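Fold and contact review
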Amino acid sequence: MDLEGGSHRNTIKKDSWRTVMTLAYQSLGVVYGDLSTSPLYVYKSVFAEDTQKITTNEEIFGVLSFVFWTITLIPLIKYVFIVLKADDNGEGGIFSLYSKLCRNSRVGWFLPNSQLADEKISTYKKDSITCRSAINLMVKATLEKHKVLQIVLLILALIGTSMAICDGVFSPAISVYSAISGLELSISKHQHRYIELPLACFILICLFALQHYGTHRVGFLFAPVVITWLLCISGVGLYNIIYWNPQVYKALSPYYMYVFLKKSRRGRWMSLSGILLCIRGSEAMFADLGHFSQLPIKIAFTSFLYPSLVLAYMGQAAYLSKHHGESFGFYVSVPDSIRWPVIVIAVLAATVGSQAIITGTFSIIKQCNALNCFPRVKIVHTSSKVCGQVYIPEVNWILMVLCLAVTIGFRDTTHMANASGLAVITVMLITTILMSLVMVLCWNQSVFFAICFILFFGAIEALYFVASLIRLLDGAWVSLALSSVFFVVMYTWHYGSLMKYESDFHNKVPLDWLLGLGPSLNIVRVKGIGLVHTELVSGIPAVFSHFVTNVPAFHQTLVFLCIKSVHVPYVLPEERFLVGRIGPKEFRIYRCIVRYGYRDIHKDNIEFEKQLVCSIAEFIRSGREEHALGVGVLHNHDNRMTLVGISSAHTEGIRIWEDEEEVPLRVSSPGEIRELQSSIKKKESQPSAVQRKKRVTFVLPESPRIMDGDTQEELAELVEAREAGMSFILGDSNVRARRGSNWMKKLLINHGYDFLSRNSRSATNGLCIPSASTLEVRMVCHV
């Protein structure tokens, strides 16, 4: 935010370090909860089958060397110093990388109704590149020319997102179960067998049952729990290093990685999938970038998390180097005197880490939903201050059922770790691929630099990916199966939505049809405002002609409403509405395009109606449809759209007041004064216990000033129509594949997309439209 005035800027500069440190403190609980619990199960997963076969320290030191360099290269070098810089206007994640690529080159397949005017949005920032090299231009032209490559990019983004959602299933299970497993050292084996699984399931059920309260209600507990846990494991690690083996620092040499692989058989190669778990949760640094910023996340990781994890792993290696043949779980290295407090802290830390990954899954699905890649679900915003904190009831309960099924089905952290590892490394590998394209297309780096990036980090991640695939029959198949289901759902929905839009676009009614009806339109005009919801940004939808043909009447004011998402995280309120006129003024027909970013909050129906009516009123008052020029103007085939910036309270054309607020005293006639006084007396006579609903009223100003007679008359009709009521006309198209289509298309459209559309929510559900004011018009369209 650019504040004017020197005093404001000085205050921001003076307090900026406090803000950065506060955000760094908070990020420890929100971003790093999952990564911080990895010491619970890494060594146990690596040596799950070879506990009795470890006779020398070379294997243990080799694992420590792998862990140290993996943490150093992937989270520290790749994510902290490189990937975090590829944010999309402050947002991170795989979708932000894809969105960044779509803006800088025409490779996007998400939003078919995109417009040139969308590129005028202030947050729609292309990377400022003065000149591109010949090779970079060739890469850009190749991607834009071949649709196959564009589809491959889309599939990569969907696969990465599907694997990220899978991680939201496995992470709570493995974190909680690993924390509970410490009870086996404190109680008898017979009792532990009956306590471990029920207790883990109970904690998971409570965790998912509390999601509807929102992260912000319990967020103040997150950072202290994670900080306490990190201090605990680093302290125990330092104690073990000093007490058991101070020479363990030698294992940080890469030489021990070579010895580990050289002396190992196929089993050691497979154990790399367990080492991979040391970086599980690293992708959260980039995915949760929107909640914080780059600097706080970097400070938290480099100054506190990274050294704590290194000390924890070194301490475990130091203890295990003197206790060959014992269990390789985390809790064996914890002194007996503090084992119970450590178990309690571990359970709390695992719960916090699970909460963070579940919230991140909700955010991912919200982005997919906004970009037409996930069926419409109910999205509840749990915080009025942090827009990224959302709760999705349907997804929450599906995740809970899947998480419980994984916990009960496996009952073993090793198999859970194999499934989680495949999901994690797939997300990281796809991030590396997309980052190399961002370097070339967005940052204008040399292709050689991008190739070096993908070869170096891609080779490391490919090594772990192959090791995870080897564990396919030992639990990793579950991750592959679940991600396949999520991928099919997302691709089917995206494909069906794309086909439906193309059908609506080709079947739209030309403007000449409406103009041919004459000034009176030969149709009965009833009082009120009619909102015809459509995904088209130009033309008249076929559903409207179908409606008029069967019911030759519509409202005195008609608005073709298009609510769409754009390839930016946020759209400023003053840039949200594009308004235009369809036909002559006397038709009273308008088109309004409402633009949202994929992280924006959709307002409730009262706030949305206020902004919608005010945007149309401002458009009428300004009269800019006659000379629509400049930034934010879009020239369509049948009309011209004008960017209308309004405030949420009022415009110069219309004033707004609500029942709870003071009634404006400036009105047009004594009759209106008596009517307002009468309404005030009635409200004063009502008992205080009666709860009144908020009612918004639109009033014309007393002095029209620069408005001419036609403009004032049009505004008066708009106010009259709004007071008469607002109705929503929703087109419900039953999409069917044409005869002669191939079997795959019939399967996706006639069965897959049809099932998803019948079991998902309405397109305007986020606007809380009352059912009594909704009219659905059903059609059958063949694609």
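Keep in mind that what you see is a predicted model, and the values were worked out from it rather than measured.

**Re the overall build of the protein chain**
Counting its secondary structure elements, the protein chain contains 25 helices and 12 strands. For the protein chain, the residues scored as buried account for 56% of the 783 residues in total. The long-range fraction of contacts in the protein chain, counting pairs at least 24 apart against all pairs at least 6 apart in sequence, stands at 83%. Looking at the protein chain as shown, the accessible area adds up to about 33900 Å², and 60% of this sits on carbon and sulfur atoms.

**With respect to the packing of helix 5 (residues 94-104) against helix 7 (residues 147-180)**
Relative to each other, helix 5 and helix 7 sit at 160°, their axes nearing to 9 Å. By the angle between their axes, helix 5 is roughly antiparallel relative to helix 7. Viewed along their axes, helix 5 and helix 7 form a crossing whose handedness is left-handed. Contacts between helix 5 and helix 7 involve Ile 94, Phe 95 and Tyr 98 on the former and, on the latter, Gln 150, Leu 153, Leu 154, Ala 157, Gly 160 and Thr 161.

**Description of the side chain of Thr 431**
The residue Thr 431 is located in helix 17 (residues 413-441) in this model. Relative accessible area serves as the criterion here: at 3%, Thr 431 is assigned to the buried category. A polar atom in the side chain of Thr 431 sits 2.8 Å from the backbone oxygen of Val 427. Not counting residues within four places of it along the chain, the set of residues in contact with Thr 431 comprises Lys 78, Tyr 79, Val 83, Ile 94 and Leu 97.

**Examining the pattern of salt bridges**
Considering all chains together, one arrives at 11 salt bridges under this definition. Across the pair Asp 474 and Arg 471 runs a salt bridge whose closest N-O atoms are separated by 3.6 Å. Residue Asp 474 is classed as partly exposed on the basis of its relative accessible area of 25%. A relative accessible area of 5% places Arg 471 in the buried class. One salt bridge in this structure joins Asp 504 and Lys 500, with 3.4 Å as the shortest N-O distance. Within this pair, Asp 504 and its partner Lys 500 are both found in helix 19 (residues 476-506), separated by four residues, close to a single helical turn.

**With respect to the state of the cysteines**
Simply put, the disulfide is a covalent bond whose two ends are the sulfur atoms of two cysteines. Applying the stated rule across the entire model yields zero disulfides. Of all cysteine sulfurs, the one in Cys 373 lies closest to Cys 368, which takes part in no disulfide; the gap is 6.3 Å. Exposure remark for Cys 368: the relative accessible area of 0% places this residue in the buried category.

**With respect to helix 5**
Among the 11 residues of helix 5, 11 are classified as buried, and the element is accordingly described as predominantly covered. In this structure, the buried residues of helix 5 make contact with helix 6 (134-145), helix 7, helix 13 (284-287), helix 15 (339-370) and helix 17.

**Let's talk about the packing of aromatic side chains**
Using the criterion set out here, one finds 20 aromatic pairs in the structure. With centroids separated by 5.1 Å and ring planes inclined at 40°, the aromatic side chains of Trp 493 and Tyr 753 adopt a geometry described as tilted. Here Tyr 753 lies in helix 25 (residues 743-758) and Trp 493 lies in helix 19, a separation of 260 residues in the sequence. In this structure Trp 493 comes out as buried when scored by relative accessible area, which is 1%. Here the aromatic residues Tyr 239, Tyr 243, Trp 244 and Tyr 319 are joined through ring pairs into a cluster of three or more.

**Quick look at the nonpolar core**
Tyr 32, Trp 229, Phe 301 and Tyr 313 are the most contacted members of the largest nonpolar core, which has 160 residues in total. Once you skip the residues sitting within four places of it in the chain, Tyr 313 turns out to touch Ser 38, Pro 39, Val 42, Tyr 43, Leu 64, Val 67, Ile 71 and Cys 278. Among the nonpolar cores identified, the runner-up in size contains 24 residues, and Cys 592, Leu 612, Ala 617 and Ile 620 belong to it.

**Considerations on unusual backbone geometry**
The phi dihedral of Arg 411 is positive, around 55°, even though this residue is not glycine. Within the secondary structure, Arg 411 sits in the loop between helix 16 (393-410) and helix 17. The phi torsion at Arg 588 lies on the positive side, around 60°, for a residue other than glycine. With respect to the helices and strands, the residue Arg 588 is situated in the loop between strand 5 (577-581) and strand 6 (589-597). Taking relative accessible area as the criterion, Arg 588 reaches 12% and is therefore assigned buried.

**As for the confidence of the model for the protein chain**
Reading fine detail from the predicted coordinates is not recommended where pLDDT is low. Model confidence for the protein chain is summarised by a mean pLDDT of 78, while 77% of its residues fall at 70 or above. In the predicted structure, residues 1-15 sits below a pLDDT of 50 and forms four contacts with residues beyond four places in sequence or in another chain. Per-residue pLDDT stays below 50 along residues 679-693; that stretch engages in seven contacts with residues further than four places along the chain or on separate chains.

**Some words on the pairing of strand 4 (residues 553-566)**
For strand 4, the buried fraction is high: 14 of the 14 residues fall into the buried class. Across eight bridges, the pairing between strand 3 (residues 524-533) and strand 4 is parallel. Bridge pairing links Val 524 to Ala 553 in strand 4. Taken together, the nine bridges between strand 4 and strand 6 define a ladder with parallel strand orientation. The residue of strand 6 that forms the bridge with Ser 565 is Tyr 596.

**A word on a nonpolar patch on the surface**
Together, Tyr 194, Ile 195, Leu 199 and Phe 202 make up an exposed nonpolar region whose accessible area comes to about 400 Å². With respect to the helices and strands, the residue Phe 202 is situated in helix 8 (residues 189-209).

**Details of the pairing of strand 3**
Here five bridges tie strand 3 to strand 11 (residues 726-736), and the two strands are oriented parallel to one another. Residue pairing for strand 11: Ile 529 is matched across the bridge by Met 726.

**What about the packing of helix 7 against helix 15?**
As a packed pair, helix 7 and helix 15 sit with axes 9 Å apart at the nearest point and diverge in direction by 170°. As judged from the angle between their axes, helix 7 and helix 15 are roughly antiparallel. Of the residues in helix 15, those touching helix 7 at Thr 161, Ala 164, Ile 165, Asp 167, Gly 168, Ser 171, Pro 172, Ser 175, Val 176, Ala 179 and Ile 180 are Ile 343, Ala 346, Val 347, Ala 350, Ser 354, Ile 357, Ile 358, Thr 361, Ile 364, Ile 365 and Cys 368. Looking at the contact of helix 7 with helix 15, its residues break down into 15 nonpolar, six polar and one charged.

**Looking at the side chain of Asp 167**
Mapped onto the secondary structure, Asp 167 falls in helix 7. With no salt bridge to any partner, buried Asp 167 finds its closest opposite charge in Arg 280, at an N-O distance of 4.2 Å. In this structure the side chain of Asp 167 is engaged in a polar contact, spanning 2.8 Å, whose partner is the side chain of Ser 171. Residue contacts for Asp 167: discarding those within four places in its chain leaves Pro 172, Arg 280, Glu 283, Ile 357, Ser 420, Ala 423 and Val 424.

**Some remarks on the environment of Phe 95**
If you trace the backbone, Phe 95 turns up in helix 5. Considering only alpha carbons, one finds Phe 95 and Thr 161, 66 residues apart in sequence, at a separation of 7.8 Å.

**Comments concerning the environment of Ile 135**
Among the secondary structure elements, Ile 135 is positioned in helix 6. In sequence terms Ile 135 and Val 447 are 312 residues apart; their C-alpha atoms lie 7.2 Å from each other.

**Things to note about the environment of Ser 484**
Within the secondary structure, Ser 484 sits in helix 19. For Ser 484, a relative accessible area of 37% gives the class partly exposed. Along the sequence, Ser 484 and Ile 159 sit 325 residues apart, while their C-alpha atoms lie 8.2 Å from each other.

Cut-offs applied
All residue numbers refer to positions counted from 1 along the written sequence of the respective chain. Where local features are concerned, this predicted model is filtered to residues with pLDDT of at least 70; where side-chain atom pairs are given and counted, the filter is 80 or more; whole-chain, interface and lining totals use all residues. The side-chain figures draw on all heavy atoms in the structure; neither hydrogens nor water molecules are used. The way it works is that DSSP assigns letters per residue, a run of H or I at least four long becomes a helix, a run of E at least two long becomes a strand, and they are numbered from the N terminus. Exposure categories follow from relative accessible area, calculated using a 1.4 Å probe and restricted to protein chains: below 20% of the type maximum is buried, above 50% is exposed, and the middle band is partly exposed. Any two residues whose heavy atoms approach within 4.5 Å are treated as being in contact. Here the accessible surface of atoms and residues is derived via Shrake-Rupley with a 1.4 Å probe, and residues count as covered only by protein chains that are part of the display. Lines fitted to the C-alpha atoms define the axes, with helices restricted to the stretch that makes contact. Angles between their N-to-C directions range from 0 to 180 degrees. The scheme is simple: roughly parallel for angles under 35 degrees, roughly antiparallel for over 145, roughly perpendicular for 65 to 115, oblique for anything else. If you view the pair so one helix is near and one far, a crossing is left-handed when the near helix is turned anticlockwise from the far one by less than a right angle, and right-handed when it is turned clockwise. Within 3.5 Å is the distance limit for a polar contact, defined as a pair of N or O atoms, with the added protein rule that one can donate a hydrogen and the other accept it, and that residues adjacent in sequence qualify only through two side-chain atoms. A carboxyl oxygen of Asp or Glu within 4 Å of a side-chain nitrogen of Lys or Arg is what we treat as a salt bridge. In plain terms, two cysteine sulfur atoms within 2.5 Å form what is called a disulfide here. Aromatic pairs are defined between Phe, Tyr and Trp rings, using the six-membered ring for Trp, whenever the two ring centres lie within 6.5 Å; interplanar angles under 30 degrees are classed as stacked, those over 60 as edge-to-face, and all others as tilted. Among buried residues, the Ala, Val, Leu, Ile, Met, Phe, Trp, Tyr and Cys ones that are joined through side-chain atoms within 4.5 Å form a nonpolar core. Note on scores: pLDDT gives the predictor's confidence for each residue, bounded by 0 and 100. Strand pairing is assigned whenever DSSP identifies at least 2 bridges connecting the two strands. In this analysis, a patch consists of residues with relative accessible area above 30% that form no salt bridge, clustered at 9 Å for like charges and at 5 Å for the nonpolar side chains Val, Leu, Ile, Met, Phe, Trp and Tyr. Residues are grouped as follows: Ala, Val, Leu, Ile, Met, Phe, Trp, Tyr, Cys and Pro are nonpolar; Asp, Glu, Lys and Arg are charged; every other residue, Gly included, is polar. His residues and chain termini do not enter the charge count, which takes Lys and Arg as positive and Asp and Glu as negative.

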